[in-house]
Amino acid sequence: MHDIRFIREQPEAFDRALARRGIAPMSKEFRTLDEERRAVQTERQDLQAKRNDASKKIGEAKRTGANADDLMAVVAAMKDRLTALDETDRRLGQKLQDLLASYPNILSDEVPDGRDENDNKEVRRFGTPPAIENPKEHFELGEALGLMDFEAAAKLSGARFTVLKGALARMERALGDFMLDLHTGEFGYTEVSPPLLVKDEIMFGVGQLPKFTDEMFFAGRTKSREALLREALSTADPADIEGMRRGEISLEDFVASVLSKAPTKEDLWLITTAEVPLTNLVNNMIVDREKLPMRVTARTPCFRSEAGASGKDTRGMLRQHQFYKVELVSITAPEQSKDEHERMTSCAETVLKRLELPFRTIVLCAGDTGFSSSKTYDIEVWLPGQKVYREISSCSNCLDFQARRMNARCRAAGDKQSAFVHTLNGSGIAIGRCLIAVMENYQQPDGSIVVPSALRPYMGGLERIG
RNA sequence: GGAGAGGUGGCUGAGCGGUCGAAAGCGACGGUCUCGAAAACCGUUAUAGGUGUACGCCUAUCAAGGGUUCGAAUCCCUUCCUCUCCGCCA
């Protein structure tokens, strides 16, 4: 969500920011709409002031028993205009809000120009890829061990699901435990166990709604088609029903009209990441400045439809509809977010260092940076089976972009002025992909997998799988 | 799922058609007093937006959104949330 005052005061800067994302200039439209709305608002408020004044006098007159007919006539005369202004103000205000919420965040100056992932810049590298002869991919290793079952998963849920068994199921659990212990024990994050189903406004707060419904799963409660139909019909305009009966309105138009007015209340969305509930912990709050930065972490399942990735990564468990991830979220005061972003990224990197997995960290270019983010580091882990670095963590500084959508502020004790907080989120890290990385990097010629020493305490001392 | 009771400022809690952005108490902050503190006393005590160079003025907000009315915290409708009892349930 953008700040209309920023656009009003620095229209060129706003247009330049859009240009970096490959979006045509919009400041003119914003300013026209803004001026129109403020004109309406001013007239409306003046009229309201007059009405309030007259109403007050009517009250006094009635109390003393005097005649108030003249005054009442004055108020009645402005009624139509006022109603029209109310409506216009509401409409323009909504239009402005929707427009402000539909453009991506302004990129940091530190983000390199570029169109897509090919233009991302490496910032550092850790470890060296192990020399493995004829390395296998994780699904080959897992299936051979009998601990990874894609057929069973397909039977239960279709494509893009996995059944893990035995030591691999345990390793998944161990990885999450290890990460949570690291972040809470050494980096000061507070562990949270949040809801996995959330409301519309919560998805809006992090920028997931209204634009990205395709990526999400929806948790609707079952209702019969009849009930749904009756519910929709109950909102139909009687004039439309009559019109359709007389054949003046086609069935198609009638249905369209009913649906446009039908209740839009949704049930709940499955979270795509724990960022959603964790960031929204401060939704619609004014937080004490002294309590910032606030650092929280959670291990949760994540649910993604992967609608835009058909055909990509279909083998194995690299890209799933459901996977576990440990998420890091920081809520900071505005001046803290830049340092916090570096700190958070290093917290995520530490996970890979402790597991002794080779990785590199890149900064995403303008064209590859997500909607809500102003700057994003991706951490990519080495996968010997594919011989490439693959994304395993993404750490973003959203500045006040999400805070505006959520109305999340902070205020120092004794201060009058409040400010929007800054929000940051990062994977710390994706558990499913981490499991893959461990399997492939620690694979042995006989198909067994050595357990990284950092993980052994979490697996009852087990040193090798298979 | 059924029945009922509610949602008022940082908190407790009055108000139930007019002068109410809202009594009172608590808390917090400032002052008097004191060597200092406590007590006592006096005072201050929301947020957002519009508008003007400016002390300022105006608008909105008593869960949210509509409506009735000259006028709504107060009346009506819808939604959300909380609590109590019953049923069901890991």
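Scroll up a little and you will see the structure.
Notes on the structure in this doc start here. What you see is a predicted model, and the numbers here were worked out from it, not measured in a lab. (Residues numbered from 1 in each chain as written. Chains lettered and ligands numbered in written order. Predicted model: local features only at pLDDT ≥ 70, side-chain atom pairs only at ≥ 80, totals over all residues. Heavy atoms only, no water.)

### Details of the overall build of chain A
What chain A contains, in helices and strands, is 15 helices and 18 strands. Taken along its principal axes, the extent of the C-alpha atoms in chain A is 100 × 60 × 45 Å. Counting every position in chain A, which comprises 466 residues, the buried fraction comes to 47%. Sequence separation of 24 or more characterises 73% of the internal contacts of chain A that already satisfy a separation of 6 or more. Of the roughly 24000 Å² of accessible surface on chain A, a fraction of 49% belongs to carbon and sulfur atoms. (Helix = DSSP H or I, 4+ residues; strand = E, 2+ residues; numbered from the N terminus. Buried < 20%, exposed > 50% of the residue type's maximum accessible area, 1.4 Å probe, protein only. Contact = heavy atoms within 4.5 Å. Areas by Shrake-Rupley, 256 points an atom, 1.4 Å probe, with all protein chains shown as cover.)

### Considerations on the side chain of Ser393
The residue Ser393 is located in strand E13 (residues 388–397) in this model. Each residue touching Ser393, except ones within four places of it in the same chain, is listed here: Ala348, Tyr377, Asp378, Ile379, Ser427 and Ile429.

### A word on the protein's contact with RNA strand B
Looking at RNA strand B, there are 24 residues lining it, with Arg5, Gln48, Ser55, Arg63 and Val75 nearest. The share of sugar and phosphate among atoms of RNA strand B within 4 Å of the protein is 69%. Within the side chain of Ser418, an N or O atom sits 3.2 Å from a phosphate oxygen of RNA strand B. Those elements that place two or more of their residues in the surface near RNA strand B are helix H1 (4–9), helix H3 (27–64), helix H4 (69–100) and strand E14 (409–411). Among the elements that line the surface near RNA strand B, the one with the most residues is H3, at 13 residues. (Near = heavy atom within 4 Å. Polar contact = N/O pair within 3.5 Å; in protein donor to acceptor, adjacent residues only side chain to side chain.)

### Some thoughts on the pairing of strand E11 (residues 359–363)
Of all five residues making up E11, four are buried, and the element is well covered by its neighbours. Looking at chain direction, strand E1 (residues 121–126) and E11 are connected through five bridges and run antiparallel. Considered in E11, the bridge of Arg124 is made with Thr361. Looking at chain direction, E11 and strand E12 (residues 375–383) are connected through five bridges and run antiparallel. Residue pairing in the sheet places Val363 in a bridge with Tyr377 of E12. (Pairing = 2+ DSSP bridges.)

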